[in-house]
Amino acid sequence: MRVLIVGGGIAGLTLAWWLRRSGINPHVIDRARSFRRSGFIVNMRGQSVQTLRAMGLDGLLAAQSAPVGRSVFLNRRGRRVRELDLSQLNSVHHDALVLNRADLHLTLYESVRDGLDLRFGLSVQALAQDADGVTVTLSDGRVERYDLLIGADGMHSAVRQLLCGTAGVRPFHIAYVAFLAPDTLGLEAANFQAIAPGIYASLGSFGQGTMGGLFAFPWSASAALTARQCRLLLMERLPALGWRFAEALAQVPDEALFCDHMAQVVLPQWQFGRVALLGDAAYTLTLVSSNGASMAIIGAQVLAEELLRQPGPAAFARYEARLRPQIMPIQRLAAQNARMMTPPHALAADLQSILFRVLPERAILARFAKAAQAAS
Ligand SMILES: Cc1cc2nc3c(=O)[nH]c(=O)nc-3n(C[C@H](O)[C@H](O)[C@H](O)COP(=O)(O)OP(=O)(O)OC[C@H]3O[C@@H](n4cnc5c(N)ncnc54)[C@H](O)[C@@H]3O)c2cc1C
């Protein structure tokens, strides 16, 4: 069976691994010229850790995992309002992995690269399918024929756009900047979060001399933002938050900043004859869900299992039927969390600070646990 996977990200490489294990040698193309070491923290737990264990990667990744021990909430003037010990939550999810996305991605790449036909710097330009296969026009002009095609090309999927245009994309009207960089500031081993009108900031030490930051701000334009533009917009907003947010951003070079719009993809179907969508291309959850990479991995394993059971387009319907019920509640919870990131005015931000100060610890931890359980 000839299979083309478009996108060698978390979902695409996991799918390639599982298909190769069963004797199907997919081709993979990725738009990137090489894999960038950029991005932020991804959380793995429950079913996704089991999948990584079945791939023999859990031990390697556990050595790179850096769970956050404490969470500190600051008000919109940078003063501490609450500190939470997350060790209880961590012990419930004792096998959970908190990883640098780049480490996860490169570990997956190393596990599958030998003998894999992976071509960089390539995308799809056109697709045409008939009863027997899919004809693909690649971005270098070559035309190739496959039995099945999987679009695993992320949130801005070209495959999805060829199939259904911009349908299904639900923008949150928020832009974000995420980074992991050497911690030159000597930050405390905790995650500091502050929310004010027009800006959300989260920053902390992420083990082994690394700091991780995530900044978000309301942004309704849909054009892509460059790292330089994001930096300028953040430098207008971060100083008002106080603490060390602006100082941290100043230490990070543009090339280490991962910038994007926050949006979910909610489609009525993920399968279109001989073509199926997987991971962010099909069901972007957003980074506030803490489940994007987990569900990319779980989705890839489910899709591979179904393709092995019935090697043909019928497998796609079963993959969707199995996975969709898990995706919908995570998307709903993430949309609620995103709204809390950008309070419309100072009063709303102050109310959130008061809530964080007065709510019993178990109520706040229960909310964290709810997000954590979604992919378990
Ligand atoms: C460099 C990078 C950094 C990231 N950082 C973060 C982060 O900080 N926080 C977060 O929550 N999420 C981040 N993500 C997204 C996160 O990794 C995904 O939500 C999650 O892993 C879902 O996996 P996926 O394989 O569906 O998508 P992704 O992991 O995004 O993989 C998609 C792959 O498809 C490739 N691709 C994109 N368009 C095309 C195209 N037209 N043709 C061919 N290939 C294409 C990309 O190069 C990428 O390798 C990042 C993604 C990337 C690529």
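Rules used in this analysis
- Residues numbered from 1 in each chain as written.
- Predicted model: local features only at pLDDT ≥ 70, side-chain atom pairs only at ≥ 80, totals over all residues.
- Helix = DSSP H or I, 4+ residues; strand = E, 2+ residues; numbered from the N terminus.
- Buried ≥ 20, exposed ≤ 12 C-beta atoms within 10 Å, placed from the backbone.
- Near = placed C-beta within 6 Å.
- Nonpolar A, V, L, I, M, F, W, Y, C, P; charged D, E, K, R; others polar.
- Core = buried A, V, L, I, M, F, W, Y, C linked by C-beta atoms within 7 Å.
- Domains from an automatic or database assignment.
- Contact = placed C-beta atoms within 7 Å.

### Digging into unusual backbone geometry
If you check the backbone angles, His173 has positive phi at about 60° while not being a glycine. Here His173 lies in strand β12 (residues 169-182). Phi is positive for Ser290, which is not a glycine, with a value near 55°. Along the chain, the position of Ser290 falls in the loop between α9 (280-283) and α10 (292-309). You can call Ser290 buried: it has 24 C-beta atoms within 10 Å.

### Side note on the site of the ligand
Contacts to the ligand come from 31 residues, most closely from Gly7, Gly9, Gly39, Phe40 and Gly279. Looking at the shell around the ligand, the elements with two or more residues in it are α1 (10-21), β2 (27-30), α9 and α10. Across the shell around the ligand, the residue classes tally to 14 nonpolar, eleven polar and six charged.

### Focus on the nonpolar core
Core analysis: the biggest nonpolar cluster contains 110 residues, and Leu15, Leu149, Ile150, Tyr176, Phe215, Ala216 and Leu278 have the highest contact counts within it. Examining the composition of this core, we find that ten residues originate from one element, α10, more than from any other. Both domain 1 (3-67 + 96-169 + 263-337) and domain 2 (171-262 + 343-373) contribute no fewer than three residues apiece to this core. Leaving out residues up to four positions away in the same chain, Leu278 has contacts with Ala11, Leu15, Ile150, Gly151, Ala152, Gly299, Ala300 and Leu303.

### Details of the domain arrangement of the protein
Splitting the protein by domain gives domain 1 (3-67 + 96-169 + 263-337) and domain 2 (171-262 + 343-373). Between domain 1 and domain 2, the C-alpha centre-to-centre distance is 27 Å. Facing 14 residues of domain 1, the contacting portion of domain 2 comprises 17 residues. Classifying every residue of the side of domain 1 that touches domain 2 gives seven nonpolar, six polar and one charged.

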